[in-house]
Amino acid sequence: IIIGVFEPTSGDNAAGGKQEVIGAQYANSLDNKVTIAGEEYTVELYVSDNGSVDEQAVTAASNIVNQHALISLGSYGSGVSIAAADTFAAAGIPAIGVSCTNASVTEGHDFYFRTCFLDPFQGTVLANYAYNELGYRTAYTLAENGNDYDEGLAHYFTEAFTKLGGKVENANFPENTSDFNSYITNAVNAGA
């Protein structure tokens, strides 16, 4: 039995993807046998690198399909999971996202499932904690332009925090930014 491991082992999300690959490999090393209808099978993992980019996601998912995997695990990164969803669905292979939190991964995708919480839940919990537990009334969000995770979390935090009565100053920064001094100054000036 082959299980696909659809993860970024290269690109921007490689560090997180490699951790998920190691987790799957470790679990498989502890017990790689399964008995179905009285017959024992060996479970093998097939790791396919989606490169952390949507453009490689379909190829990586197709590689898993071509290996005749019965199921796929991953990915670290919601964008690549969304990009590969139709490939897994067309092949009839269920995919289980381990850490992808964007609601669009599973929404409208009958073959994609998740084990992790969603961005709307995560943003709401953070807002409630900041407002109710810490007593903050002004917050500052900072998200990377084009980063679905950052932008989604900032959106849901802002939505929940303002609903509680708080004020949020939102900012975005370009990819590869290394100096955040101006953003910190803006947060301080906003009273966050």
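A brief report on the enclosed structure follows. Note that the structure is a prediction, hence the values are computed from the model and not measured.

## Observations regarding the overall build of the protein
So, step 1. Within the protein one finds 6 helices and 9 strands.
So, step 2. In terms of principal-axis extent, the alpha carbons of the protein reach across some 65 × 30 × 30 Å.
So, step 3. When contacts within the protein are restricted to residue pairs at least 6 apart in sequence, those whose partners lie at least 24 apart make up 58%.
So, step 4. Carbon together with sulfur atoms contributes 51% to the accessible area of the protein, which is approximately 10,500 Å² in total.

## Let's talk about the packing of helix α4 (residues 119–133) against helix α5 (residues 148–163)
When two helices pack together, their arrangement is captured by the angle between the axes and the distance separating the axes.
So, step 1. Viewed as axis vectors pointing N to C, α4 and α5 meet at an angle of 50°, and their least axial separation amounts to 7 Å. Considered as vectors, α4 and α5 are oriented oblique to each other. As α4 runs across α5, the sense of the crossing is right-handed. Along the contact surface, α4 presents Asp-119, Pro-120, Gln-122, Gly-123, Thr-124, Leu-126, Ala-127, Ala-130 and Tyr-131, while α5 presents Tyr-149, Leu-153, Tyr-156, Phe-157, Ala-160 and Phe-161.

## As for the pairing of strand β8 (residues 138–144)
The two faces of the sheet receive side chains in turn, since in a regular strand these alternate between them.
So, step 1. The buried fraction of β8 is high, at 5 of 7 residues.
So, step 2. Assessed by its sense of winding, the connection that carries the chain from β8 through α5 to strand β9 (residues 167–173) is right-handed.

## A word on the packing of helix α2 (residues 54–66) against helix α3 (residues 78–91)
So, step 1. One can describe the packing of α2 onto α3 by two numbers: an axis separation of 8 Å at closest approach and a directional angle of 35°. Relative to α3, the crossing made by α2 is right-handed. Residues Asp-54, Ala-57, Val-58, Ala-61, Ser-62, Ile-64 and Val-65 of α2 form the contact with α3, whose participating residues are Gly-79, Val-80, Ala-83, Ala-84, Thr-87, Phe-88 and Ala-91.
So, step 2. Classifying every residue of the contact of α2 with α3 by side-chain character gives 10 nonpolar, 3 polar and 1 charged.

## Points about α3
So, step 1. Here α3 spans 20 Å end to end across 14 residues, near enough to the 20 Å set by a 1.5 Å rise per residue.
So, step 2. Taken as a whole, α3 carries its principal kink of about 40° at Ala-84.
So, step 3. Looking at α3, one finds that the buried residues are Ser-78, Gly-79, Val-80, Ser-81, Ala-84, Ala-85, Thr-87 and Phe-88.
So, step 4. As for α3, its buried residues are in contact with β1 (2–7), α2, β5 (71–73), β6 (95–97), β7 (112–114) and α5.
So, step 5. Gly-92 occupies a position one or two residues after α3 and carries a positive phi of about 75°.

## Some points on the sheet that holds β1
So, step 1. Spatial ordering of the open sheet is given by β4-β1-β5-β6-β7, a layout of 5 strands whose pairing is parallel. Both outer strands of the open sheet, β4 (44–49) and β7, are each paired with one neighbouring strand and no more. Ignoring which end each strand starts from, the neighbouring axes of this sheet average 25° apart.
So, step 2. Pairing between β6 and β7: 3 bridges, direction parallel.

## Concerning unusual backbone geometry
So, step 1. One non-glycine residue, Ala-37, lies in the positive phi region at around 50°.
So, step 2. Along the polypeptide, Ala-37 turns up in the loop between β2 (33–36) and β3 (39–42).
So, step 3. Its relative accessible area of 86% is what places Ala-37 among the exposed residues.
So, step 4. Its identity is not glycine, yet His-68 carries a phi of approximately 65°, on the positive side.
So, step 5. Tracing the sequence through the fold places His-68 in the loop between α2 and β5.

Quick notes on the rules
- Residues numbered from 1 in each chain as written.
- Predicted model: local features only at pLDDT ≥ 70, side-chain atom pairs only at ≥ 80, totals over all residues.
- Heavy atoms only, no water.
- Helix = DSSP H or I, 4+ residues; strand = E, 2+ residues; numbered from the N terminus.
- Contact = heavy atoms within 4.5 Å.
- Areas by Shrake-Rupley, 256 points an atom, 1.4 Å probe, with all protein chains shown as cover.
- Axes fitted to C-alpha atoms, helices over the stretch in contact; angles between N-to-C directions.
- Parallel < 35°, antiparallel > 145°, perpendicular 65-115°, else oblique.
- Left-handed = near helix turned anticlockwise from the far one by under 90°.
- Buried < 20%, exposed > 50% of the residue type's maximum accessible area, 1.4 Å probe, protein only.
- Right-handed = clockwise from strand over helix to strand, strands pointing away.
- Nonpolar A, V, L, I, M, F, W, Y, C, P; charged D, E, K, R; others polar.
- Expected span 1.5 Å × (residues − 1).
- Bend = angle between axes of the 7 residues up to and from the residue.
- Pairing = 2+ DSSP bridges.

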